[in-house]
Amino acid sequence: MLKQRVITALALLALLLPALFASNPWPFMGLTVVLIAAGAWEWGRLNGMPAWLAWSGAAICLLACAVAEQLGWVQRTPPLVWLLAGAMWVLLGAWMIQRGVAGWGLWPRGVRWIAGLLLLTLAWVAMAQAHQRGVNFLLSVLVLVWAADVFAYFFGKALGGRWIKTKLAASISPGKSWEGVLGGMLGVLLVALVWVEVDRSLALPDSSFYSLLFAKGWWVALPALLFMSAMSVVGDLVESLVKRSAGMKDSSGLLPGHGGVLDRVDALLPALPLAMMLVFWI
């Protein structure tokens, strides 16, 4: 299993890194849209859609991303779109976690399917637009999610259940604790402070997400970063909830040793549109 994980991770890096730093944005956009389409296929399977509809979902997602690009949304999306995307994630995420696994199955299957395709499309548009703003900006958002996840894991392992006895979401993800969430938030704040200092010292041509927030003042940056950290947890919990509802351990086996595409990008799905929402509205 470890060998599979390493080989898969190296193969993905070999594809993504050259595309990420290429002067032309099309390699990155093309590669990531394929990954998002794969996630759309997985989403259809997780929601019990027939095989032909799961594949149709991938095609619909590709088409929707292409239309968004033709409309110029990759360069500049109407700010209202990000506000609506943010509202969907906050309200839908809170509702799903509050209702639990059983509540998800009460939604009509077609509604669940279409909602997921819409959110996947918006996540790709946000990623492509973040890349257009600069590699420094995109990486800062990605690292925010990874830092929240890594710090949450280690804090949860070391302190989970010691301070707060109540589990975060026992019926959805029994291993997650409030101590892990708080540790993830602390990790995000530490990474942000270091990143801002690096931005200042290197005078990079494009600003990071953190520098843009702190330029508005710490009283803006602090709640925004805590919010982003919390929403990355929501993305993780939402995917775990959907998998439990479907009776699946992984979203698919597309990435040997890592599960499926959705297993790797679940926390990014809310984080990317929300980052763009904060940049435009703050």
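Residues numbered from 1 in each chain as written. Predicted model: local features only at pLDDT ≥ 70, side-chain atom pairs only at ≥ 80, totals over all residues. Heavy atoms only, no water.

(A) Spotlight on the overall build of the protein. Along the protein, the regular secondary structure elements total 11 helices and zero strands. Walking the protein from its N terminus toward its C terminus, one meets helices and strands in the order α-α-α-α-α-α-α-α-α-α-α. Whereas a compact globule of 282 residues would reach a radius of gyration of roughly 19 Å, the protein reaches 18 Å, a difference of no more than 12%. Over its C-alpha atoms, taken along the principal directions, the protein stretches across nearly 50 × 50 × 40 Å. Relative to all contacts within the protein whose residues are 6 or more apart in sequence, the contacts with residues 24 or more apart total 75%. Accessible surface, the protein: about 13500 Å² in total, of which carbon and sulfur atoms supply 72%. Considering the protein, the positive charge centre built from 19 side chains and the negative charge centre built from 12 side chains are found 7 Å apart. (Helix = DSSP H or I, 4+ residues; strand = E, 2+ residues; numbered from the N terminus. Rg over C-alpha atoms; globule rule 2.2 N^0.38 Å. Contact = heavy atoms within 4.5 Å. Areas by Shrake-Rupley, 256 points an atom, 1.4 Å probe, with all protein chains shown as cover. Lys, Arg positive; Asp, Glu negative; His and termini not counted. Charge placed at Lys NZ, Arg CZ, Asp CG, Glu CD.)

(B) Structural detail: the environment of G156. Following the sequence through the fold, G156 ends up in helix α6 (residues 135-159). Taking the C-alpha atoms as reference, G156 lies 30 Å from L16; in sequence the two are 140 residues apart. Apart from the residues lying within four places of it in its own chain, the contact partners of G156 are S177 and G180.

(C) Expanded view of the pattern of salt bridges. Going through the model one piece at a time under the given rule, you end up with four salt bridges. Residues K243 and E239 are paired through a salt bridge, measuring 3.6 Å at the closest nitrogen-oxygen approach. Placement of both K243 and E239 in helix α9 (residues 218-246) is noted, with a separation of four residues, approximately one turn of the helix. Summarising the burial analysis for this pair, K243 and E239 share the class buried. A cluster of three or more residues bridged by salt bridges with shared partners is formed by E239, K243 and D263. (Salt bridge = Lys/Arg side-chain N within 4 Å of Asp/Glu carboxyl O. Buried < 20%, exposed > 50% of the residue type's maximum accessible area, 1.4 Å probe, protein only.)

(D) Looking closely at the packing of α6 against helix α7 (residues 178-202). Where α6 contacts α7, the two axes come as close as 7 Å, and the packing angle between them is 145°. Between α6 and α7 lies a crossing whose hand is right-handed. The residues of α7 that touch α6, namely those facing N136, L139, S140, V143, L144, A147, A148, F151, A152, F155, G156 and L159, are E179, G180, G183, G184, L186, G187, V188, L190, V191, W195 and D199. For the contact of α6 with α7, the per-class residue count stands at 14 nonpolar, seven polar and two charged. (Axes fitted to C-alpha atoms, helices over the stretch in contact; angles between N-to-C directions. Left-handed = near helix turned anticlockwise from the far one by under 90°. Nonpolar A, V, L, I, M, F, W, Y, C, P; charged D, E, K, R; others polar.)

(E) Highlighting a nonpolar patch on the surface. Where nonpolar side chains cluster on the molecular surface, the patch consists of V6, L10, L13, L17 and F21 and spans about 480 Å² of accessible area. Residue position: L17 is located in helix α1 (residues 2-21). (Patch = residues over 30% accessible without salt bridge, like charges linked within 9 Å, V, L, I, M, F, W, Y side chains within 5 Å.)

(F) Quick peek at helix α4 (residues 79-104). Across its 26 residues, α4 extends only 29 Å between first and last C-alpha, which sits more than 12% below the 38 Å expected from 1.5 Å per residue. Considered for burial, the residues of α4 that qualify are V81, W82, A85, G86, W89, L92, G93, M96, G100, G103 and W104. On its buried side, α4 packs onto α2 (26-46), α5 (109-133), α9 and α11 (268-281). (Expected span 1.5 Å × (residues − 1).)

(G) Expanded view of the packing of α7 against α9. Two numbers describe how α7 lies on α9: the axes approach to 9 Å, and their chain directions differ by 130°. The angle between α7 and α9 falls in the class oblique. As α7 packs across α9, the resulting crossing turns out to be right-handed. Facing α7, whose interface residues are V181, G184, M185, V188, L189 and A192, α9 presents L222, L225, L226, S229, A230 and V233. For the contact of α7 with α9, a count of residues per class yields 10 nonpolar, two polar and no charged. (Parallel < 35°, antiparallel > 145°, perpendicular 65-115°, else oblique.)

(H) Looking closely at the packing of aromatic side chains. A full pass over the atoms with the stated rule returns nine aromatic pairs. Ring geometry for F137 against F209: centres 6.1 Å apart, planes inclined by 85°, an arrangement best described as edge-to-face. Pair noted here: F137 is in helix α6 and F209 is in helix α8 (residues 209-214), with a separation of 72 residues, a long-range link. Residue classification places F137 among the buried positions, given a relative accessible area of 0%. Each member of the aromatic cluster is reached from another via a ring pair, and the members are W43, W95, W104 and W107. We note R133 situated over the ring of F137; from NZ or CZ to the ring centre the distance is 5.0 Å. (Phe/Tyr/Trp six-rings, centres within 6.5 Å; stacked < 30°, edge-to-face > 60°. Lys NZ or Arg CZ within 6 Å of the ring centre and 35° of its normal.)

(I) The arrangement of the environment of S173 in detail. Here S173 lies in the loop between α6 and α7. Under the relative-accessibility criterion, S173 is labelled buried at 12%. The sequence separation of S173 and D236 amounts to 63 residues, and the corresponding C-alpha distance is 9.2 Å.

Read these as geometric descriptors, not functional statements.
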